[in-house]
Amino acid sequence: MPTHALLRRASALALALALSGAAAAQTPPADKAAPATAAPAAPADPAAIVATVNGQPITQADIAIAADDPALSLPGVDEAQKKNLLVDYMVDLKVGAQAAEAAKVGDGADFKRKMAYFRDKLLLDDYLEQEAKKAVTPEAEKAVYDQSVKLMKPEEEIHARHILVESEGEAKKIAERIKGGEDFAKVAAETSKDPGSKTEGGDLGWFTKERMVPDFATAAFAMKPGTVSDPVKTQFGWHVIKVEEKRTKPQPTFDELKEQIDQHLIRKAQQDLILKLRAEAKIDRKDAPAAAPQTPAAK
């Protein structure tokens, strides 16, 4: 079994045991109310020793590394309890590792190959992360944003409401009621079969044409603001549509795109780095397939 799978299994076992113990722990006495505000905790000293196992220290830095392990994710657990669980896990890890050392597990050739693999992987992961951070600069972000916005074509979008019913006859009666002066939102709340919008008066918000099914979109985008449609049939049933407003879709702001921009810069920096390293390295693939012989025509 791969080393990382063993770690995941071990971590799951240790954390499950620790979590069950924590769940059984007593809650604070009811008469001791928690303070209204808590002072911010001081940053932990990475070198601080939180436990020892047969004389070997476990430091705060070790706990921080464990906390970053996706296999030890503890959503919904408060920080104090999480730290206790991680310390328990690190104790189990040390105990097990010491026993494995005594059994000379680390002397085997297969283990050494795995160690070399995971060392290379950690080195590459950290190097890529380190180099990628250099690529995310305000200047690079702005350049990508400006280029992205430039490539975005103006799109028309509308703000509309609808009422969905099962038959054309029902839709005709509803359209007549609204065209006769009844409030669209009130009628939608009474009659619409669309659970997602009926409680909002049939409001669908702003949308572009491609976001709706073709028959609905064609009818809605052909209407003028303030008008109510005749019944429109789609795969979902019969609709009565009211277009409230039309506009050109506003371009997204930098803040709305920042996360995507940063991910793009990171991926591009990492990809460019790997391609550069490959190009500069002397690589001899022993398993490379032999090139197919060229025909005279191909030559």
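Details of the structure are given in the entry above.
Keep in mind that what you see is a predicted model, and the values were worked out from it rather than measured. (Residues numbered from 1 in each chain as written. Predicted model: local features only at pLDDT ≥ 70, side-chain atom pairs only at ≥ 80, totals over all residues. Heavy atoms only, no water.)

A. Representation of the packing of helix α4 (residues 109-135) against helix α9 (residues 254-280) in the model. Where α4 meets α9, the axes come as close as 8 Å, and the angle between the chain directions of the two elements is 120°. What the angle tells us is that α4 and α9 run oblique. The chirality of how α4 crosses α9 is right-handed. Listed contacts from α9 to Leu124, Tyr127, Leu128, Glu129, Glu131, Ala132 and Ala135 of α4 are Leu265, Ile266, Ala269, Gln270, Leu273, Ile274 and Leu277. Its residues assigned to classes, the contact of α4 with α9 shows eleven nonpolar, one polar and two charged. (Axes fitted to C-alpha atoms, helices over the stretch in contact; angles between N-to-C directions. Helix = DSSP H or I, 4+ residues; strand = E, 2+ residues; numbered from the N terminus. Parallel < 35°, antiparallel > 145°, perpendicular 65-115°, else oblique. Left-handed = near helix turned anticlockwise from the far one by under 90°. Contact = heavy atoms within 4.5 Å. Nonpolar A, V, L, I, M, F, W, Y, C, P; charged D, E, K, R; others polar.)

B. Structural context of the side chain of Thr59. Locating Thr59 in the fold gives a position in strand β2 (residues 56-59). When near neighbours in sequence (up to four residues on either side) are disregarded, Thr59 contacts Pro46, Ala47, Ala48, Ile49 and Val50.

C. Looking closely at the pattern of salt bridges. For the structure shown, the criterion picks out 20 salt bridges. The salt bridge partner of Asp110 is Arg113, with a shortest N-O separation of 3.8 Å. Of this pair, Asp110 and Arg113 both sit in helix α4, separated by three residues, roughly a single helical turn. For Lys258, the salt bridge is made with Glu141, and the minimal N-O distance between the two is 3.1 Å. Separated by 117 residues along the polypeptide, Lys258 in helix α9 and Glu141 in helix α5 (residues 138-151) bring together distant segments of the chain. According to the relative accessible area criterion, Glu141 is buried, its value standing at 8%. Connected through shared salt-bridge partners, Arg177, Glu182, Lys186 and Glu190 make up one network. (Salt bridge = Lys/Arg side-chain N within 4 Å of Asp/Glu carboxyl O. Buried < 20%, exposed > 50% of the residue type's maximum accessible area, 1.4 Å probe, protein only.)

D. Up close: helix α7 (residues 184-191). All buried positions along α7 are accounted for by Phe184, Val187, Ala188 and Thr191. Down the axis, α7 shows its buried residues gathered within 105° of arc, on one side only. N-cap assignment for α7: the residue whose side-chain oxygen lies 3.3 Å from the backbone N of Ala185 is Asp183. (Arc of directions from axis to C-beta. Polar contact = N/O pair within 3.5 Å; in protein donor to acceptor, adjacent residues only side chain to side chain.)

E. Layout of the packing of aromatic side chains. Considering all chains together, one arrives at four aromatic pairs under this definition. Between Phe207 and Phe216, the aromatic rings sit 6.4 Å apart at their centres with planes inclined by 55°, giving tilted as the arrangement. We classify Phe207 as buried; its relative accessible area is 0%. Looking at Phe216, the relative accessible area reads 3%, which means it is buried. Ring-pair connections join several aromatic residues into one group, and the members of that group are Phe207, Phe216 and Phe221. Positioned over the ring face of Trp206 is Arg247, at 3.8 Å from the centre of the ring. (Phe/Tyr/Trp six-rings, centres within 6.5 Å; stacked < 30°, edge-to-face > 60°. Lys NZ or Arg CZ within 6 Å of the ring centre and 35° of its normal.)

F. Summary view of the side chain of Gln98. Inspection of the secondary structure assignment puts Gln98 in helix α3 (residues 79-102). Among the polar contacts listed, one links the side chain of Gln98 to the side chain of Asn54, at a separation of 2.6 Å.

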